[in-house]
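Spelled out from the first residue to the last, the chains are:
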Amino acid sequence: MNDPLAPAVDTASAHWQALLQGLPDAAWLVALADQRVVAANDAAALLLGCARESLAGESALVLAASPEDIAFWEACAAGERGALLSDTVVTTADGRQLHTSRSIRIVGDTHALVLLRDRSGEERAERERESLLSELQATLESTADGILVTDLFGRIRAFNRRFAQIWGLPLELLQQHDDAAVHNWLTENVVDAAAYLQRLGTLNQAALLHASDRLRLRSGQIVERVTRPLYSDGQASGRVWSYRDLTERVAADERIEALTFSDALTGLPNRRRLAARCAEAVTASQAGGKSFALLVIDLDRFRQINDSLGHDVGDRVLLDVGQRMQSCLREPDLLARIGGDQFAVLLYPADGQAAEASARRLLNVVAQPCSIEGAQFTLTCSIGMALFPSHGGSIDDLVRHAEGAMRSVKQGGRANFRLHQARAEGDRRSHMRLDHAMRQALVSNRFRLHYQPQVRMSDGAIVGAEALLRWRDPEMGDVPPSRFIPVAEDSGFIVAIGDWVLSQAVRQAALWTQRGYHVPIAINVSALQFQQSHFVDRVANVLAVSGLPPPLLELELTESILLHDAADALLRLGALSQLGVKLSIDDFGTGYSSLAYLKRFPIHKLKIDRSFISGLPGDDSDVGIVRAILQMAHALGMKVIAEGVETEGQRQFLLDAGCSEFQGFLYSPGVDSLSFERLLGPPPAAAAPPAASLSPELAARRNQRRIRLVRG
Ligand code: C2E
Ligand code: MG
Ligand code: MG
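Residues numbered from 1 in each chain as written. Chains lettered and ligands numbered in written order. Predicted model: local features only at pLDDT ≥ 70, side-chain atom pairs only at ≥ 80, totals over all residues. Heavy atoms only, no water.

## Looking at the coordination of the magnesium ion (ligand 2)
No. 1: Coordination of the magnesium ion (ligand 2) by the protein comes from Glu466 (OE), Asn524 (OD1), Glu556 (OE) and Asp586 (OD), over a distance range of 2.0 to 2.3 Å.
No. 2: One chain supplies every donor to the magnesium ion (ligand 2), and in sequence these donors are spaced E-x57-N-x31-E-x29-D.
No. 3: Taken as a pair, the magnesium ion (ligand 2) and the magnesium ion (ligand 3) lie 3.9 Å from each other and share Asp586 as a ligand. Note that Glu466 is positioned in strand E19 (residues 462–473) and Asp586 in strand E23 (residues 582–588), a separation of 120 residues in sequence.
No. 4: A relative accessible area of 4% places Glu466 in the buried class.
No. 5: Take Asp586: its relative accessible area is 9%, and that puts it in the buried class. (Donors = N, O, S within 2.8 Å, 3.2 Å for Na, K, Ca; no water. Helix = DSSP H or I, 4+ residues; strand = E, 2+ residues; numbered from the N terminus. Buried < 20%, exposed > 50% of the residue type's maximum accessible area, 1.4 Å probe, protein only.)

## Remarks on the sheet that holds strand E6 (residues 146–151)
No. 1: Here we have five strands laid out as an open sheet, ordered E7-E6-E10-E9-E8, and antiparallel in their pairing. Of all the strands in the sheet, just strand E7 (156–159) and strand E8 (211–216) have a single pairing partner and so form its edges. Between one strand axis and the next, the sheet turns by 25° as a mean value, whatever way the strands run.
No. 2: Relative to E7, E6 is paired through three bridges, and the arrangement is antiparallel. Bridge pairing in E7 links Val149 to Ala158. (Pairing = 2+ DSSP bridges. Axes fitted to C-alpha atoms, helices over the stretch in contact; angles between N-to-C directions.)

## Some words on the site of ligand 1
No. 1: Taken together, the neighbourhood of ligand 1 is formed by 20 residues, with Gln452, Asn524, Asp586, Glu646 and Phe665 sitting nearest.
No. 2: Between an oxygen atom of ligand 1 and a side-chain N or O atom of Arg470, the distance comes to 2.9 Å.
No. 3: Taking Phe665, its main chain carries an N or O atom lying 2.7 Å from an oxygen atom of ligand 1.
No. 4: When ligand 1 sits alone it has 790 Å² of accessible area, and the protein chains cover 83% of it.
No. 5: At the level of secondary structure, the elements contributing two or more residues to the shell around ligand 1 comprise E19, helix H18 (481–491) and E23.
No. 6: Per-element tally for the shell around ligand 1: the top contributor is E19, with four residues.
No. 7: In terms of residue class, the shell around ligand 1 is made up of seven nonpolar, five polar and eight charged. (Near = heavy atom within 4 Å. Polar contact = N/O pair within 3.5 Å; in protein donor to acceptor, adjacent residues only side chain to side chain. Areas by Shrake-Rupley, 256 points an atom, 1.4 Å probe, with all protein chains shown as cover. Nonpolar A, V, L, I, M, F, W, Y, C, P; charged D, E, K, R; others polar.)

## A closer look at the nonpolar core
No. 1: Formed by 84 residues in total, the largest nonpolar core has its most connected members in Leu553, Leu555 and Leu654.
No. 2: Considering every element that reaches this core, the biggest residue donor is helix H19 (residues 494–514), with ten residues.
No. 3: Listed in part, the 35 residues of the second largest apolar core include Leu268, Leu299, Val321 and Met385. (Core = buried A, V, L, I, M, F, W, Y, C linked by side-chain atoms within 4.5 Å.)

## Observations concerning the pairing of strand E5 (residues 111–118)
No. 1: Pairing analysis gives six bridges linking strand E1 (residues 26–31) to E5, with the strands arranged antiparallel. Bridge pairing in E5 places Ala26 opposite Leu116.
No. 2: Strand direction decides the pairing type here: strand E4 (residues 97–107) and E5, joined by eight bridges, are antiparallel. Bridge pairing links Ile104 to Val114 in E5.
No. 3: Where E4 folds back on E5, the antiparallel hairpin that results is connected by three residues, among which Gly108 adopts a positive phi of roughly 60°.

## A word on the packing of helix H26 (residues 620–635) against helix H27 (residues 648–657)
No. 1: Running from N to C, H26 and H27 cross one another at 40°; their axes reach a closest spacing of 10 Å. With respect to H27, the axis of H26 lies oblique. Note on packing geometry: the crossing formed by H26 with H27 is right-handed. Residues Val623, Val626, Arg627 and Leu630 of H26 pack against Phe653, Leu654 and Ala657 of H27.
No. 2: For the contact of H26 with H27, the per-class residue count stands at six nonpolar, no polar and one charged. (Parallel < 35°, antiparallel > 145°, perpendicular 65-115°, else oblique. Left-handed = near helix turned anticlockwise from the far one by under 90°. Contact = heavy atoms within 4.5 Å.)

## Observations regarding the packing of aromatic side chains
No. 1: Summed over all chains, the structure comprises 14 aromatic pairs.
No. 2: One aromatic cluster is present, built from ring pairs that chain together Phe159, Phe163, Trp167 and Tyr243.
No. 3: The ring of Trp241 has Arg239 lying over it, and the distance from NZ or CZ to the ring centre is 5.8 Å.
No. 4: Note that Arg272 overlies the ring of Phe261, its terminal NZ or CZ placed 5.1 Å from the centroid. (Phe/Tyr/Trp six-rings, centres within 6.5 Å; stacked < 30°, edge-to-face > 60°. Lys NZ or Arg CZ within 6 Å of the ring centre and 35° of its normal.)

## Structural notes on the coordination of the magnesium ion (ligand 3)
No. 1: Of the protein atoms, only Asp586 (OD), Asp587 (OD), Glu643 (OE) and Glu643 (OE) coordinate the magnesium ion (ligand 3), at distances of 2.0 to 2.5 Å.
No. 2: All donors to the magnesium ion (ligand 3) come from one chain, and their sequence spacing reads D-D-x55-E.
No. 3: Residue class for Asp587 comes out partly exposed when judged on its relative accessible area of 29%.

## A closer look at the domain arrangement of the protein
No. 1: Looking at the assigned domains, one finds that the protein contains domain 1 (6–123), domain 2 (143–249), domain 3 (265–420) and domain 4 (441–711).
No. 2: The gap between the C-alpha centroids of domain 1 and domain 3 is 102 Å. (Domains from an automatic or database assignment.)

## Section: the side chain of Gln221
No. 1: Considering the arrangement of structural elements, one finds Gln221 in the loop between E8 and strand E9 (222–232).
No. 2: Given the relative accessible area of 17%, Gln221 is considered buried.
No. 3: Each residue touching Gln221, except ones within four places of it in the same chain, is listed here: Ile166, Leu215, Arg216, Asp245 and Thr247.

## Re the pattern of salt bridges
No. 1: Tallied over the full model, the rule gives 40 salt bridges.
No. 2: Of the charged contacts in the structure, one is a salt bridge between Arg225 and Asp213, with a shortest N-O distance of 3.1 Å. Linking Arg225 in strand E9 with Asp213 in strand E8, this pair joins segments that are twelve residues apart in sequence.
No. 3: Accessibility expressed as a relative area gives 1% for Arg225, which makes it buried.
No. 4: According to the relative accessible area criterion, Asp213 is buried, its value standing at 16%.
No. 5: One salt bridge connects Lys607 with Glu466, and the closest N-O pair in it is separated by 2.8 Å. Placement of Lys607 in strand E24 (residues 605–608) and of Glu466 in strand E19 is noted, with a sequence separation of 141 residues between them.
No. 6: A relative accessible area of 0% places Lys607 in the buried class. (Salt bridge = Lys/Arg side-chain N within 4 Å of Asp/Glu carboxyl O.)

Right, here's the structure in full:
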């Protein structure tokens, strides 16, 4: 068989061959006359996957047969001499499709040079880039966050639809490709544009900064913006900004917070919120040097309401009480419900005086009569108070102390308030020692009663005696009631002591009666004693055993007895009054009961507290208070006795103001029964003139002597 290249194997074709071999791309030369390959290089053989020799004589159309190539070669055959330059696909000897860049040029009017460059690598990279891009775009679009990518100059490189959605960016604006307009839109849509721009400035100056900020948009949305640097070749080349709409989450958080920090029934803050606010108050106090107060308020006998009127009414009462208390507090004070019937108030700032004033207001509003679903009743509360920093440096300490003070108010008869008494450990031990010694004193019969005369203003006659407890301990000496009575009230031992006083005083009064002195005897009754379920029976029993006519016994009660559990108190007072026993209110004016309130109770006498007498007649406010008590008591048909009268000036003022009786050192302190009998003089039947009808001046003068006698 003839070698197809044989006629061409001449020097010219050898030249071509050498030339083609020197080209970097695949190349072959085609003779225009027959459109067959004259020479080809190794690169062409490699590209097409065949031996170079096999290419010689091959038809140009066979090697590249795209429609463009066919058209070119046809045009050539028709005598045209153009060029073809484009990308095309060639099929290799083993059937692979190769993407190439191909050029065909006419050389010397007789030949065409075909050059082919393999583009399959580039083609692959391009395809990969494209698929990467579309994957990225899909990823961008599928995130729930809005994404914006900018270069170092703030020019927008990419964003997703969510970004436009969160910011409410109009489509037209996005299509304008006006980056400044987009940035303006963002700035105009945040609430605090100045802060937004300032922060952007900072971020732009620190290309490597990661940051997370919360933006509040004018639309009401809350958006979290996170930004990270974008790197290219290890260098920061821009930023990725992601925006997350937190509006719903924040609203949900707020709802959850509101639920976890508030009481479901009253809507008031709960214990957790209180603790948080206390912690803030501690910090603020430490920084500003101010003190604050914590009040713990416990409703008295609330269980009775639940038990007798049902839980629905109980709930209504709690709501009502919460509203009442809130109404008498200042704006910055925090009222919280911290337990079933327990509330707390944080007063910031506040000192002891301010706390006391608030406590009085709270006691007062709570004690206003309630009317719920036809049920009428009066509630009271007990309040314990502690101050920061004097009573404790931590919230736990404050709560503990305020609760402790509240509990001692409960033990002392409820319906009152008390400030925590900072008691050192040593004090607590001496408290226990005192309690122990008191119990010993009762069994060893070391308590005594002294009797202080109650004197009629008009003629100086002794019209009564108040029994006052005295205790001389072998080791401690005389212990004043002001020291041991609170301890006895605290431990509950006051019930036993009070019982002893009752029987002792009644026996003494009965003795005097037998001897012809008809002196009514007044005894002090502690709240706890009064609340004993058998108290009325006990009084009746003591009277019956002694034979003392009941009107000669007077029980001195405190205002707190009336205020706590008014219904129960009313029943008990009614029963005592039925017995014929007289009832008086001791230390009147120091509590917070109004005279109008007293009207409901069968009270015979008010004892104006010593603290209002001491300023007479010079102190205008004492003058006003005493006059007011006298006027209203008279209007209500009650007797009044002034306590602690020490000077003639006080006595004269009281006499002029219409006070009928007094008690005080001016006449006599409390004295033992024998000395008291001497004050009384011989019994009316046995002697004249009776001691009980001395003129006040005379009696007072004699009393001075007695005082010296007694004290000596
Ligand atoms: P109180 O019932 O108000 O008794 C009057 C107190 O004032 C008595 O103090 C009395 O000695 C004192 N006092 C009387 N006149 C004057 C005066 O002119 N000037 C001054 N500065 N003081 C005067 P005392 O005996 O120390 O008793 C103090 C408190 O202890 C009593 O106040 C009463 O609350 C309580 N207490 C005394 N005895 C008993 C008792 O048997 N049972 C109970 N539960 N408490 C008692
Ligand atoms: Mg008294
Ligand atoms: Mg008194």
